[in-house]
Each structure stands twice: as structure tokens, then as C-alpha cells.
Amino acid sequence: MATSESKAPNESKASSNFIRNIIEEDVKNNKQEKVVTRFPPEPNGYLHIGHARSIWLNFGMAKEFGGECNLRFDDTNPEKEDQEYVDAIKEDVKWLGYQWSGEVKYASDYFDQFYAWALELIKAGKAYVCDLSAEDASKYKGWATKPGKESPYRDRSVEENLELIEKMRAGEFDEGACVLRAKIDMTSPNMSLRDPTMYRIRKASHHQTGDKWCIYPNYDFAHGQEDSIEGVTHSICTLEFQNNRPLYEWYLENLPVPSTPHQYEFGRLNLNYTITSKRKLKQLVDEGCVNGWDDPRMPTVSGMRRRGYTPESLKFFCDMVPVSKSNSVIDVALLERAIRDDLNDSAPRAMCVMNPLKLVITNFAEGEVEEMNAPAHPSKPELGERKLPFTREILIDKSDFTEDTTLSRKKFKRLVLGEWVRLRGAYIIKADEVIKDDSGEIIQVNASLVPDTVGNDAPEGIRPRGVIHWVSAEHGVAVEVRLYDRLFNHAEPDKDEDGFMSHVNTDNLTVISAVIEPTAAVCEPESRFQFEREGYFVADRYDHSSEKPVFNRTISLRDTWAGK
RNA sequence: UGGGGUGUCGCCAAGCGGUAAGGCAACAGGUUUUGAUCCUGUCAUGCGUUGGUUCAAAUCCAGCCACCCCAGCCA
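Residues numbered from 1 in each chain as written. Chains lettered and ligands numbered in written order. Predicted model: local features only at pLDDT ≥ 70, side-chain atom pairs only at ≥ 80, totals over all residues. Heavy atoms only, no water.

With that out of the way, let us pick up the packing of helix α4 (residues 111-123) against helix α7 (residues 220-229). Contact geometry of α4 with α7 gives a least axis separation of 11 Å together with a crossing angle of 115 degrees. As far as their axial angle goes, α7 and α4 are roughly perpendicular. You can see that α4 and α7 cross each other, and the crossing is right-handed. Facing α4, whose interface residues are Gln113, Phe114, Trp117, Ala118 and Leu121, α7 presents Phe221, Ala222, Gln225, Glu226 and Ile229. Here the residues of the contact of α4 with α7 are counted per class, giving seven nonpolar, two polar and one charged. (Axes fitted to C-alpha atoms, helices over the stretch in contact; angles between N-to-C directions. Helix = DSSP H or I, 4+ residues; strand = E, 2+ residues; numbered from the N terminus. Parallel < 35°, antiparallel > 145°, perpendicular 65-115°, else oblique. Left-handed = near helix turned anticlockwise from the far one by under 90°. Contact = heavy atoms within 4.5 Å. Nonpolar A, V, L, I, M, F, W, Y, C, P; charged D, E, K, R; others polar.)

Here it is, written out as C-alpha cells:
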């Protein structure tokens, strides 16, 4: 009998994760009936790669421990939010492959409850309406090393406070006239405990509640209660909320909430050569640096989708990045690794010539078509085969031919005048002659094929320098190919004093007209391919059609030779 | 000069007193009808720094240094 001690082969390959350790411990100690998490975006922009990681963490942990994860919009600031973002976020979460528990939830679902709780705090003498202007309130707050002063309105009677909050709610005051504050400690070394704001007046229409309210709770007076109402057990957020945790707990302790969630903070994801800030991404959109939030150059979930990233690759990327408490900058190479890994495995192959050069096979009859069979994937026969029409005139890439016969075999593994090369999936050919135009540019290469070399090794004495891709000049289909490059040419664009906008890579998109093998042109939008020897490409989600094919380059193939 | 955090290989990161995991990157080989993939190997006498405790310290103690967050009626 095998020992039960033998190592578990299905052990998760996921990286270390201190959050998982905490949950694991809680589950072991039966701290809760069921693990409940939540992903709580504010609908004020599109989700980016950093959110994808938070989604992965929250939904992933819930799933791993047999629990549930809510999608809850933290919609406490109507001025910055919009239904467009709500819709986009829902779509992104679904596309990533996650299913939230029950209906989508909103902080605004609980506004009535929050108001009732606010009244209770007032009755308990723990909250008051403060008439200080924003500017004065800031002065009273003090500074890090200097304790704050108590507001002159701090000791209003319960009755007066009750009357004032009702008037606030009824819209009798202008925006900014007053706020409701929690009465905690103006001398606390933790700034967030110096009588924090609970409600402020905003006479704006809300995307969910319309004009029902003109006072809105702020983040701190909403988040913990939302978590509690929903029975969230582990409330996972980013590092900058560490200072808010005592306040989060204060509200839970001073309100008759139905459950006690706990907040845990982890380091937000940063990627080099990338920006992960909704505000800054919005600026790129607003200033026309890109064509919208879902532009393929954007690190948004929808942008990456359009670029050709798969949900699997994003999850694989998250698996590779450990969850920790430090502010770290992850190398984009890790992301690129993730998408290449997924697509190498799943994407069917095709040949596409980016910079066509005519090549005539002089010993192949004009008008004749020989149909070659090539596997859709070199190591996955189950993906089937494709037909490649071979004709007298074909197209190869300009960069795959040279007249320079002095280049070593190691340095140039392509077609050299007077030498042989293998045409992928077809014959070995020899370049015999070069034809140039008046300006001296090569416009045609004449070559001869070596008979009987399709699917067979090269005969004695013939050593092809390498393998190049090709497309029949007659059957190839013209396609628009969009070659994307990184959006920023600075590793940490927003850490530089010149500001991130000055580091936008102006050469981040090249649109070319290429020629692709016929069968690959006929495909659905979002079909993914590896164009052999070039990279991974996706049929554009919006612009592609079989009649007018458009492909986006997701990522080039790894090129260990480029440095020469 | 307050409080809350973090400092281990180029980028991440495990480690929790017993003599530095792993991933990515890089480099060197091998296989290859994709210069891809895949495979193999190399890559911290060192853990911000200075002292201390100990037979033994990245791990414990003390001091110092660096970086991040907090002064929204943003989240």
C-alpha cells in the first residue's frame, strides 16, 4: 500500500498568500459557518489589472474554502459614479469567469439602514452635526504631530442634532453647510479617528437611488456596515486602508450590527511600464491618448480582453504573484509570460506575412495549386489540420531574405541567395536570383524547390539554414494588423517628477497591411492565433469580420535572439 | 520630532532560533520543419544597518537608516 504520507500532486501551485493562511486558520478554528468575501468596486471607472487581482483574491478565496463572494458596488459618491461603469464592471467580472453570490449588491441598498444607525449614534451622544466649513474643519483637525481641537459644535444636544440631521436629510441645507461627524477623539495619533465625517450633503442625482437622498455616507461610515449586513467574514482591501481599520472597527463596535467582519490589507498590484490608477487611466481616455477605456493598449480588463489576453492567463498571472504586505512593482514580463504560456498551449497556428516579398518558384507550374496539410497545433493533433495552398508565386517576409552570403548559419537562419531554406509545412527551396527595381530595392526573388521534400528530411548535401513562413500570393488574404507596443516608455511612469503623461510612448501602435493564409482569415471576432514566428494575435472584438479581417497583436513570441 | 506599515538575488517572495524555498528575468547547453515551445544546468558565505543575547540569529533584543500610507465634506 502506498503511504498516505506521499506528497499530494494536486497541491495548489499558487504562490504564498498570507490571507489564505489567515482564512485557513479561521476555518480550522470554526470561526465562521462559511467564508464570505466581497469585491467592492466604486463605479467610477473601468476595472484594471489591479482589480483583476483583487477579484481573483476575493472570489478565489471564497471558492477555495467553499464560501461565497459578493459583487458590491461601493456607490456612496454619486458625483463620480455612473451606470456605464456599473455595467462595464459586471461584464468584466463575468468575463473573468467569476459568479457572484446572489444579486449584485450596492452600498445604496443599505442607505435607509445607515441613516437609522446614524440616528442611534446621535442618540447615544456619539455623533453630532458640525457646521464648520471644510476649511475650518481641516484646521481644527490638527496635523500629524499636533493634536486637533474639538469643534465648537461638538456638544450640541441630542435633540438639536436629531433636528439638524433631519433637516440635512430633507434638503434644507446647502452642500457644505454642515456634516454629521462621529464623536471619537480629536487628539488621536490616528488622524482618521479625529471625529471623522459620516454624512455629507450632495445634491446630486444617484445612479441607483435617483433623488431620494441628498446626504450620502462616506466610505468609513458605510464599508464595515455593508460587510456586516452581508455577513462578510474576511474583508480584504489594500494597504492604504490600514489607517482606517480602527475606524472600521469603531463603527462595528458602536452600532448594533448583525455580524463582525474583519478587515485585512494586502499590497496593491503595481506593474512596471504600466499605470494602475483609475484617475490616471481616465486622463488617458479623456485626453485622447487612447481610444477609450477598452483600447487594447490599456491595462484595463476590457482593454486586455480586446488585446487578446485570456481570463485564464490573467488568473495564471495572479497565481504567480505572491500576496504580501509590501508595495511592490511586478515586472510586466511576468504578465507576458502568463499570456504566452496560455496561448502557446491553446492557440491554433497560422502563417501571416507582415512585410510581403514576392518569391517565384520557377520550377513549379503556373496555375497549379498543391494543397499542403499542416497541423493546427504542433503538439496537439486533436486541434485538427488546416490546408495550405501552395502556388508558383508565394510571399515571404522581407526580413527573411538577404543577398549577404557572408552571414554565418548561426547568425541568419533564413533564406540567403544561393542557399536553401525550408518553407514551413512545404518544400525546401533555394534562392537563385534577385530582381530589383530602379531604386535598387529587392522586389522579387526567384527560387527553385527541391522535389520530394514536403514532410521529408532534406536530401544529402542540402542543408537548409532554417524555416521561414510563407503565404500563397494567389490565395493569401489581405488583413489589417495592429502591432501594439507598450503604452509607456518609462518603467515607473507615475513615479517620475515629470508626470506620467510625459512618458507616453508615442510610437505605441503600428498598423500594417499583411497577408494571411486563407483559412485563418475566416474566423469569429476574438479568435486567437499564433502567427508562426511572429507572435500571438486576436481577431479584433469589434472591427474584425471575415470579409475585412483585423487582427491585434497580443504579444510577440519570445525572442532570445533579438539582442544578437 | 505623531501614528500605521514595509525592508531577503535584476523584479517579486518563502522563511517564525539550527545553518538562505520558489517564480519571473538573465546566462550556458540539448531537442526542434516556429531563432517559439520543451528539457538540463548556472544564478545570495548573503537576509537595510550597527550593536547585543545564544553553542547557533534573516529569525530574539536595542538603537539607527530608507521607503510607503494618514491632514477629502474621495474611496
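Once the structure has been displayed, the description carries forward.
In terms of nonpolar packing, the biggest core is built from 47 residues, with Ile49, Ile55, Phe59, Val93, Leu96, Leu314 and Phe317 touching the most fellow members. Ranked by residues supplied to this core, first place goes to helix α2 (residues 49-64) with eight residues. The residues that make up this core include at least three from each of domain 1 (12-109 + 221-339) and domain 3 (345-349 + 477-555). Grouped together as the second largest cluster of nonpolar side chains are 33 residues, Tyr110, Leu193, Trp213 and Tyr216 included. (Core = buried A, V, L, I, M, F, W, Y, C linked by side-chain atoms within 4.5 Å. Buried < 20%, exposed > 50% of the residue type's maximum accessible area, 1.4 Å probe, protein only. Domains from an automatic or database assignment.)

With that settled, consider the protein's contact with RNA strand B. Around RNA strand B sit 64 residues in total, of which Ser324, Arg349, Lys410, Arg424 and Gly455 are the nearest. Taken together, the sugar and phosphate atoms account for 64% of what RNA strand B places within 4 Å of the protein. Thr76 has a polar side-chain atom sitting 2.5 Å from a phosphate oxygen of RNA strand B. Listing elements by their share of the surface near RNA strand B, those giving two or more residues are α5 (134-141), β6 (197-201), β11 (328-330) and α12 (332-346). Residues of the surface near RNA strand B, tallied by class, amount to 21 nonpolar, 23 polar and 20 charged. (Near = heavy atom within 4 Å. Polar contact = N/O pair within 3.5 Å; in protein donor to acceptor, adjacent residues only side chain to side chain.)

This part covers the sheet that holds strand β24 (residues 470-472). An order of β23-β20-β21-β22-β14-β17-β24 is seen for the seven strands of this open sheet, with the pairing classed as mixed. Edge strands, defined here as strands with exactly one partner in the open sheet, are β23 (467-468) and β24. Bridge count for strand β14 (residues 356-361) against strand β22 (residues 442-450) is four bridges, and the pairing is parallel. Bridge assignment links Lys358 to a residue of β22, and that residue is Gln444. (Pairing = 2+ DSSP bridges.)

With that settled, consider the packing of α7 against helix α8 (residues 245-254). It is the contact of α7 with α8, at a shortest axis distance of 9 Å, that shows an interaxial angle of 60 degrees. Between α7 and α8, the interaxial angle falls into the category oblique. Every pair of crossing elements has a handedness; the one defined by α7 and α8 is right-handed. Residues Asp220, Phe221, His223, Gly224, Gln225, Asp227 and Ser228 of α7 touch α8, and the partners they reach there are Leu247, Tyr248, Tyr251 and Leu252.

Quick look at the domain arrangement of chain A now. We note that the domain assignment places domain 1 (12-109 + 221-339), domain 2 (111-215), domain 3 (345-349 + 477-555) and domain 4 (353-469) within chain A. Here the C-alpha centroids of domain 1 and domain 2 sit 29 Å apart. On the domain 2 side, the residues contacting the 30 residues of domain 1 number 27 residues. Of the roughly 2,300 Å² buried at the junction of domain 1 and domain 2 (both faces included), carbon and sulfur atoms supply 67%. Contact with domain 2 buries surface across domain 1, with Pro78, Phe221 and Trp250 losing the most and accounting together for 27% of the total. One can count one salt bridge joining domain 1 with domain 2. (Buried area = accessible area lost by both parts, 1.4 Å probe. Salt bridge = Lys/Arg side-chain N within 4 Å of Asp/Glu carboxyl O.)

Here the focus is unusual backbone geometry. Look at Asp195: it is not a glycine, yet its phi comes out positive at around 45 degrees. Mapped onto the elements of the fold, Asp195 is located in the loop between β5 (179-182) and β6. Look at Asp195 and you get buried, because its relative accessible area is 1%.

We now examine the packing of aromatic side chains. Enumeration according to the criterion identifies 24 aromatic pairs in this entry. Both rings, one in Phe531 and one in Phe551, keep their centres 5.3 Å apart while their planes meet at 70 degrees; by these two values the pair is edge-to-face. With Phe531 in strand β27 (residues 528-531) and Phe551 in strand β29 (residues 550-556), this pair connects stretches of sequence that are 20 residues apart. The same class applies to Phe531 and to Phe551, which are both buried. Each member of the aromatic cluster is reached from another via a ring pair, and the members are Tyr110, Phe111, Phe114, Tyr115, Tyr199, Trp213, Tyr216, Phe221, Trp250 and Tyr251. Taking the ring centre of Tyr140 as reference, the NZ or CZ of Lys149 above it sits at 4.7 Å. Against the face of Tyr98 rests Lys315, its NZ or CZ located 5.0 Å from the ring centre. (Phe/Tyr/Trp six-rings, centres within 6.5 Å; stacked < 30°, edge-to-face > 60°. Lys NZ or Arg CZ within 6 Å of the ring centre and 35° of its normal.)

Further remarks concern the pattern of salt bridges. Tallying each qualifying case throughout the model produces 40 salt bridges. For Lys34, the salt bridge goes to Glu68, with nearest N and O atoms at 3.6 Å. Highlighted residues: Lys34 in the loop between α1 (18-28) and β1 (36-39) and Glu68 in strand β2 (residues 68-73), separated in sequence by 34 residues. Classification of Lys34 by relative accessible area gives partly exposed; the value is 36%.

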